[in-house]
Amino acid sequence: MSTTDAVRPHDRPRTAPEPALRPAAEPGSGVEISIWSRLFFDGKALVLRSRGFFGERRERRYPLSGPRGISRAVLVFPDAETAARERGAGEVWFLDASGRPVARLLPYQWIPAGAPWLNFEEAVRRSGIAALFKACGIPVERTTQDRADAPRVPWWQELTLLLSPGPALPLWYQALRIALGGVWFLAFTVLFFSEASLPSLMLLAAVTAFLAPVARLTVRRVTALRNRSAARLDPAPLVEISPCPGPPEEDGTVATRRFVSRAVLRVFPGELSVVDPYGADVRRALSGPAGAVAVVRLTGPDGEPVGVELRYASGVRGPIGAWADWFAGPGGEAAWGRFRRAVPLPCEERKVSAVALTPSLTRGPGAAFPGPRAKEARQDALFTRSIGTLNSTVFMMFSSSFSFWWAPVVRIESPAAARTSALLGLAGLLLQFAPWCWHHLRSRSHFERPVSGEDRSLRPRGGPRPARSCTSPTTRKARTR
């Protein structure tokens, strides 16, 4: 039986023993998950570090012995139709000695670089799940979804058994947004189809419409604070490398101020952190059975460096970045030397042909690189959307507009309710448009501009004090944005 333990971060070790599963990296509130969430074996039980309903950091232990302990694992393969239709199809079930489900795992949630197009078996291998099973001594069985021996439980039990790193946005925020939307829609329906003005109901609709953007701004502020708090759980980085980009390339890719000021490579004991321009923090193991075995510098047909990657014992390669983005500019060779000395892996050279030299080779999943187009970069830099994605924002705009538009209907019966509703509607629209306008204005006028000579010394936001050039070593403890 799993147990839940509310943890205080300073009471726990900063690093998890290898092999440990690391979650898929996401920007915004997902940064805390990249730093905190892990699934590992502590010698006695499987331990899941995750984020809970209210955003709290917690640990759940799953013993490997006893009546409800994990006895074996079952890989449930999807059929061909399901695999082609559903992202990350396939799952892993943990069963006790009597065959009852103890926990459930979705491999695609635990691939740091994020690769939902992988088939199920490849996802199990790349995530490190196979190495974790071997370290725990858990026997593994295989089955398919349509076989009788596949584990089956009600859908609500599937949710409670899921070993997830945690939601990208806190569930309290999602629940609050759904509740506010439901109350507003009920009030709107009654007002719209009723012949009465109903000032009190109009006021209720205005308040719920106003609280939605307030909740979004609140969760953004809470996210920033929690990301800083989570960054303090990390040990001090052995080295921190900021981009030293070279001249613009022939394909039109150019380093932007967003990339130079936000992207960073951090080498921690046993772990490499690759932070992209939008804040997503990809964590890769540098030790343990699932860790990388070598850092590789790629060279093109002309002998010039073109990129850097990690090589794993299984033959899988994980790109870190293109040489032109990180080490081709002034001070780049010195930055490469510091990076090489900090990474506890042998360095290899690999020559690639002109045919193999594609953008995905050096700027693939998990690598940090400037966005090819400013429009897409602005879109990717937006804060994580709620469960309704873009429709959620459109719904908030409409609900605030309705408060402003419907206020004259109740003005004769209740002038105070009409004024209050109009003010709340106007305030709600401002709370939505002001951050959006600020984001686009700042992106267009600053972040998506090509870098100039003085821009190359920009530091990652929230990190240590800036070095005057990218040749200056930085070993102070960094904070995550």
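All figures in this text were calculated on a predicted structure; none of them were measured in a lab.

**So, the overall build of the protein**
- A count of helical and extended segments in the protein gives 14 helices and 17 strands.
- Nonlocal contacts in the protein, meaning residues at least 24 apart in sequence, comprise 68% of its contacts between residues at least 6 apart.
- Accessible surface, the protein: about 22,700 Å² in total, of which carbon and sulfur atoms supply 59%.

**Digging into helix H3 (residues 120-127)**
- Within H3, burial applies to Phe120, Glu122, Ala123, Val124 and Ser127.
- The inward-facing, buried residues of H3 abut strand E2 (20-21), strand E6 (72-77), strand E7 (91-95) and helix H4 (129-136).

**What to know about the packing of aromatic side chains**
- A full pass over the atoms with the stated rule returns 19 aromatic pairs.
- With a centroid separation of 5.9 Å and an interplanar angle of 80 degrees, the aromatic rings of Trp184 and Phe398 are classed as edge-to-face. On the criterion of sequence distance, the pair formed by Trp184 in helix H6 (residues 171-193) and Phe398 in helix H13 (residues 389-406) is long-range, its members being 214 residues apart.
- Under the relative-accessibility criterion, Phe398 is labelled partly exposed at 45%.

**Some thoughts on the packing of helix H7 (residues 199-231) against helix H14 (residues 415-447)**
- Running from amino to carboxyl end, H7 crosses H14 at an angle of 20 degrees, the nearest separation of the two axes being 9 Å. Between H7 and H14, the angle is such that the two are roughly parallel. Crossing geometry of H7 relative to H14 is assigned as left-handed. Touching Pro199, Met202, Leu203, Ala206, Val207, Phe210, Pro213, Val214, Arg216, Leu217 and Arg220 of H7 are Ala417, Thr420, Ser421, Leu424, Ala427, Gly428, Leu431, Gln432 and Pro435, all from H14.
- Of the residues that constitute the contact of H7 with H14, the class distribution is 14 nonpolar, four polar and two charged.

**Side note on the packing of H6 against H7**
- Following both chains from N to C, one finds H6 and H7 inclined at 160 degrees, their axes separated by 9 Å at the closest point. By the angle between their axes, H6 is roughly antiparallel relative to H7. Here H6 runs over H7; the crossing is left-handed. Along the contact surface, H6 presents Trp172, Tyr173, Leu176, Arg177, Leu180, Val183, Trp184, Ala187, Val190 and Leu191, while H7 presents Leu201, Met202, Leu204, Ala205, Thr208, Ala209, Leu211, Ala212, Ala215, Arg216 and Val219.
- Counted by class, the contact of H6 with H7 contains 18 nonpolar, one polar and two charged residues.

**A word on the pairing of strand E11 (residues 264-268)**
- Here E11 lies mainly inside the structure; five of its five residues are buried.
- Residues of E11 alternate between two faces, with Val264, Arg266 and Phe268 on one and Leu265 and Val267 on the opposite face, all of them buried.
- When strand E10 (residues 239-241) meets E11, the two strands line up antiparallel, connected through three bridges. Paired with Ile241 across the strands is Leu265, a residue of E11.
- Where E11 and strand E12 (residues 271-275) come together, five bridges link them in antiparallel fashion. Bridged to Leu265 within E12 is Val274.
- Counted between consecutive antiparallel strands, the loop separating E11 from E12 contains two residues, among which Gly270 sits at a positive phi close to 80 degrees.

**Let's talk about the UniProt feature "transmembrane region" (unreviewed entry) in the protein**
- The UniProt record annotates "transmembrane region" (unreviewed entry) at residues 175-194, 200-219, 382-406 and 418-438.
- End-to-end, the C-alpha atoms of residues 175-194 are 29 Å apart, and along that stretch the chain is 95% helix and 0% strand.
- In the segment residues 200-219, helix accounts for 100% and strand for 0%; the C-alpha atoms at its two ends are 28 Å apart.

**What to know about the sheet that holds strand E8 (residues 101-105)**
- Strands sit in the order E8-E7-E6-E9 across an open sheet of four strands; the sheet is mixed. Of all strands in the sheet, those with a lone pairing partner are E8 and strand E9 (140-144), marking the two edges. Each neighbouring strand pair of the sheet contributes to a mean axis angle of 25 degrees, computed without reference to strand direction.
- For E6 and E7, the ladder comprises five bridges, and the chain directions are antiparallel. When the sheet's bridge partners are listed, Val76 is paired in E7 with Glu91.
- Sheet strands touched by H3: E6, E7 and E9. Its angle to E6, the strand with the most contacts, is close to 140 degrees.

**Some thoughts on the confidence of the model for the protein**
- On average, residues of the protein score 85 in pLDDT, and 88% of them are at 70 or above.
- Within the protein, no element has a lower average pLDDT than strand E1 (residues 3-6), which sits at 58, and none a higher one than E11, at 96.
- When the criterion is pLDDT under 50, residues 459-469 qualifies, and its contacts beyond four places in sequence or with other chains add up to 30 contacts.
- In the model, residues 471-481 has pLDDT below 50 throughout and makes 44 contacts with residues more than four positions away in sequence or in other chains.

**Here we look at unusual backbone geometry**
- With an omega dihedral of 0 degrees, the bond running from Glu18 to Pro19 counts as a cis peptide bond.
- On the secondary structure map, Pro19 appears in the loop between E1 and E2.

Thresholds applied
- Residues numbered from 1 in each chain as written.
- Predicted model: local features only at pLDDT ≥ 70, side-chain atom pairs only at ≥ 80, totals over all residues.
- Heavy atoms only, no water.
- Helix = DSSP H or I, 4+ residues; strand = E, 2+ residues; numbered from the N terminus.
- Contact = heavy atoms within 4.5 Å.
- Areas by Shrake-Rupley, 256 points an atom, 1.4 Å probe, with all protein chains shown as cover.
- Buried < 20%, exposed > 50% of the residue type's maximum accessible area, 1.4 Å probe, protein only.
- Phe/Tyr/Trp six-rings, centres within 6.5 Å; stacked < 30°, edge-to-face > 60°.
- Axes fitted to C-alpha atoms, helices over the stretch in contact; angles between N-to-C directions.
- Parallel < 35°, antiparallel > 145°, perpendicular 65-115°, else oblique.
- Left-handed = near helix turned anticlockwise from the far one by under 90°.
- Nonpolar A, V, L, I, M, F, W, Y, C, P; charged D, E, K, R; others polar.
- Pairing = 2+ DSSP bridges.
- UniProt positions renumbered as here; feature names shortened; annotations may be inferred.
- pLDDT = per-residue confidence, 0-100.

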